[in-house]
Amino acid sequence: MIRHLPRLVPLDPGRPEMSEERRPIREVTRQVAFDAGRWTAERKANVNALFDDLAAEWNDRPHARRFEAVDDAVARGGPFPPGLAVEIGAGTGLLTARLAEAFTPLVAVDLSAAMLALVPAPTPRIRADAARLPLATGSVAVLAAVNMFLFSAEVDRVLAADGVLLWVNSLAEETPIHLSGDDIDAALPGMWEGAASEAGWGSWATFRRAL
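None of the values given here were measured: they were computed from a predicted structure.

The rules we used
Residues numbered from 1 in each chain as written. Predicted model: local features only at pLDDT ≥ 70, side-chain atom pairs only at ≥ 80, totals over all residues. Heavy atoms only, no water. Pairing = 2+ DSSP bridges. Helix = DSSP H or I, 4+ residues; strand = E, 2+ residues; numbered from the N terminus. Axes fitted to C-alpha atoms, helices over the stretch in contact; angles between N-to-C directions. Contact = heavy atoms within 4.5 Å. Phe/Tyr/Trp six-rings, centres within 6.5 Å; stacked < 30°, edge-to-face > 60°. Buried < 20%, exposed > 50% of the residue type's maximum accessible area, 1.4 Å probe, protein only.

Engineer: Break down the sheet that holds strand β6 (residues 159-169) for me, with residues and values.
Structural biologist: Sheet architecture is open: eight strands sit in the order β1-β7-β8-β6-β5-β2-β3-β4, paired in mixed fashion. Here the strands that pair on one side only, and so sit at the sheet edges, are β1 (2-4) and β4 (125-127). Across the sheet, the axes of successive neighbouring strands diverge by a mean angle of 20 degrees, strand direction being ignored. Where helix α3 (residues 66-76) meets the sheet, its contacts fall on β5 (140-146), β6, β7 (192-199) and β8 (202-209), and the angle it forms with β7 comes to roughly 140 degrees.

Shown next, in the form of structure tokens:
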């Protein structure tokens, strides 16, 4: 069950709208969340190539508003257990330093080598497919995913018994790679509980196994 918390950070004008050309990746996001078999080798290669191509210009995009949902999630989405934190879909690390202020140690993971090469030091970086993470079962205290695909079985596998999934969409429903809190709750195996809200242009949700 997800508790929907009231918005504290207002939605200011000017949030970008998702373009029609990005709707196919929204469909892929929903498909792989509910059917792991839809994350094929071809799709993986296409997503990898897409983000390799975007890496050089990624940090030139406006991103100041991305912090609001992350900060609100960290402030109100806990408690978060101590231990290893992993940011999947870290990209070029625009939010990595922000997350590292809250979670230590933090490791950045991304499929795109070109993106990952731009993550600022000294954050440890691992190139990996988030559908098959090179992490031990039950080893992750906090799994942070910002504008990321959901691989629900892998989330369930790597999270510790008291681990927390921190999910953020920086443009809420206008984010191309987007799932609502209710979508994630439905896709994760077993029983989970957590909190969800909106902040600024974005939305967030946190999930932990129900006792």
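Engineer: Residues and numbers for the packing of aromatic side chains, please.
Structural biologist: Aromatic ring pairs are reported here in terms of the distance separating the ring centres and the angle at which the planes meet. The final tally for this structure, using the stated rule, is five aromatic pairs. Judged by centre distance (5.9 Å) and plane angle (70 degrees), the rings of phenylalanine 51 and tryptophan 58 are edge-to-face. We classify phenylalanine 51 as buried; its relative accessible area is 17%. Judged by its relative accessible area of 16%, tryptophan 58 is buried. Look at phenylalanine 80 and phenylalanine 103: their rings are 5.1 Å apart centre to centre, the planes differ by 70 degrees, and that puts the pair in the edge-to-face class. Residue phenylalanine 80 is found in the loop between α3 and β2 (85-88), and its partner phenylalanine 103 is found in the loop between α4 (96-102) and β3 (106-110); the two are separated by 23 residues along the sequence. Ring-pair connections join several aromatic residues into one group, and the members of that group are Trp39, Phe149 and Phe151.

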